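# Inside the fold
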Amino acid sequence: MLETTIAAIRAADEAAMAAARELQGRLTKPAGSLGALEELSVRLAGLAGVCPPPLPESAAVAIFAGDHGVHAQGVSPWPQEVTAQMIGNFLAGGAVVNAFARQAGASVTVVDVGVATPLPTEPAADPAVLDPAVLDPAVLDPAVPRLVVASVRRGTRDLTVTAALTRDEALAAVQTGIRIADELIDAGAGILLTGDMGIGNTTPAAVLIAAFTGADPLDTTGRGTGVDDPTYARKVAVVRAALARHTPDPADPLGVLAAVGGLEHAALAGLILGAAARRTPVLLDGVIAVSAALAAAAFAPAAVGAMVAGHRSAEPGATVALRHLGLDPLIDLGLRLGEGTGALLALPVVTGAVRVLHEVATFDSAGVAEK
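Our subject in this report is the structure included herewith. Values in this document were obtained by computation on a predicted structure and should not be read as measured data.

### Some details on the sheet that holds strand E5 (residues 282-284)
- Ordered by their spatial adjacency, six strands build an open sheet running E3-E2-E1-E4-E5-E6, and the pairing between neighbours is parallel. Strands at the two margins of the open sheet, each flanked by one partner only, are strand E3 (146-149) and strand E6 (307-309). Put simply, the sheet's adjacent strands are angled 30° from each other on average, direction ignored.
- Bridge count for E5 against E6 is three bridges, and the pairing is parallel. Of the residues in E6, the one forming a bridge with Leu283 is Val308.

### Brief notes about the side chain of Thr117
- Of note, Thr117 is situated in the loop between strand E2 (107-114) and helix H6 (127-130).
- When residues no more than four places from it in sequence are discounted, the contact partners of Thr117 are Asp67, Glu81, Ala84 and Arg154.

### Section: helix H5 (residues 96-104)
- The complete set of buried residues in H5 reads Val97, Asn98 and Ala101. The buried residues of H5 occupy an angular sector of 95° when projected down its axis, which confines them to one face. Of the residues in H5, the exposed ones pointing more than 90 degrees away from the buried face are Arg102 and Gln103.
- On its buried face, H5 is in contact with strand E1 (59-66), helix H4 (81-92), E2 and helix H15 (341-359).
- Remark: Gly105 follows H5 within two positions and exhibits a positive phi of approximately 70°.

### Comments concerning the layout of surface pockets
- Size it by volume and the largest pocket reaches roughly 520 Å³.
- As for the largest pocket, its lining consists of 29 residues, of which Met197, Asn201, Thr225, Arg336 and Leu337 are closest to the centre.
- Looking at the lining of the largest pocket, the elements with two or more residues in it are H4, strand E4 (191-197) and helix H13 (287-299).
- The space that makes up the second largest pocket amounts to roughly 200 Å³.
- Taken together, Ala36, Glu39, Leu40, Arg43, Val308, Ala309, Gly326, Leu327, Asp328, Pro329 and Leu330 form the lining of the second largest pocket.
- Those elements giving two or more residues to the lining of the second largest pocket turn out to be helix H3 (36-48) and E6.
- Top contributing element to the lining of the second largest pocket by residue count: H3, with four residues.
- When the residues that make up the lining of the second largest pocket are grouped by side-chain class, the tally is seven nonpolar, one polar and three charged.

Scoring rules and cut-offs
- Residues numbered from 1 in each chain as written.
- Predicted model: local features only at pLDDT ≥ 70, side-chain atom pairs only at ≥ 80, totals over all residues.
- Heavy atoms only, no water.
- Pairing = 2+ DSSP bridges.
- Helix = DSSP H or I, 4+ residues; strand = E, 2+ residues; numbered from the N terminus.
- Axes fitted to C-alpha atoms, helices over the stretch in contact; angles between N-to-C directions.
- Contact = heavy atoms within 4.5 Å.
- Buried < 20%, exposed > 50% of the residue type's maximum accessible area, 1.4 Å probe, protein only.
- Arc of directions from axis to C-beta.
- 1 Å grid on protein atoms, 1.4 Å probe; cavity = no way out; pocket = protein on both sides within 12 Å on 5 of 7 lines; lining within 4 Å.
- Points joined across faces, edges and corners; volume = space filled by probe spheres on them.
- Nonpolar A, V, L, I, M, F, W, Y, C, P; charged D, E, K, R; others polar.

Structure, rendered in structure tokens:
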């Protein structure tokens, strides 16, 4: 599945991008007056292969949840059980991501890809994940958050002691992300939004960003949920220790994910690859998402064409990763919550960029004189 997905990812359509640029120049506004929105509309036309590109409607947030063996190193003050508890909160509609999703009319799918503790509800695995031909008509219902149980293992191993995952486990998580992308797109999603949940997951994210970019751990490691100075120093030391132990090779993205990643990071990389293969945009959230995006880009460089950076996370590693990917974030509000919250706030910006190409009159059609 991974190989065929990668093979399906293509570079942006240059003719569609040229047509979008030409159309932007004929709309009733000064050239360049919409700033970054104009180039975003061009990129989305290149991804879709048509101008104007489809409106990014029926937005779907996919929240991948997992736990981390490195939590034993004291990198977070929060107990690991919070991951499962927050899944219950997502399903009850009580989290920030739910509030923002309701505002945006986006569906929320929560995927247990590796939670360590029992969930508040433990249903059987969603048949749509096991059999992509089986589609639930309520998949994209904004009013009903949905749980998919697709656990690869109950949390990763401690990456300071051994590899976090085997290659087979990392591959299984990536392929889960691809299946979720296919399922959501088949159900009618026009844009996917990344979400994540996992206590301690900013530590493997910092290792992944350092591994793929070559940046120093001081530049890729942040304070996550707001840790104190001693915990932050311990966290940086853990990131350095993981890099020294595993010497991850960025040319082997599956190996990097296995050695130092999390199950949610691997699944998010798969979601991005799956969307890119289907020429569907992916609106990236924060540092977890962009660390996964680095892995996706290492698998398939052209996958960057499907990525839209929703916001600039307050986590420093996010800026390092975005710079490496060549992506400019749409908004910068100092967010560091995760869940998909920043991506949801950026969604109207993406929709607006595309709507301009669909609905704004040209100088000729409106009878407006040009300069």
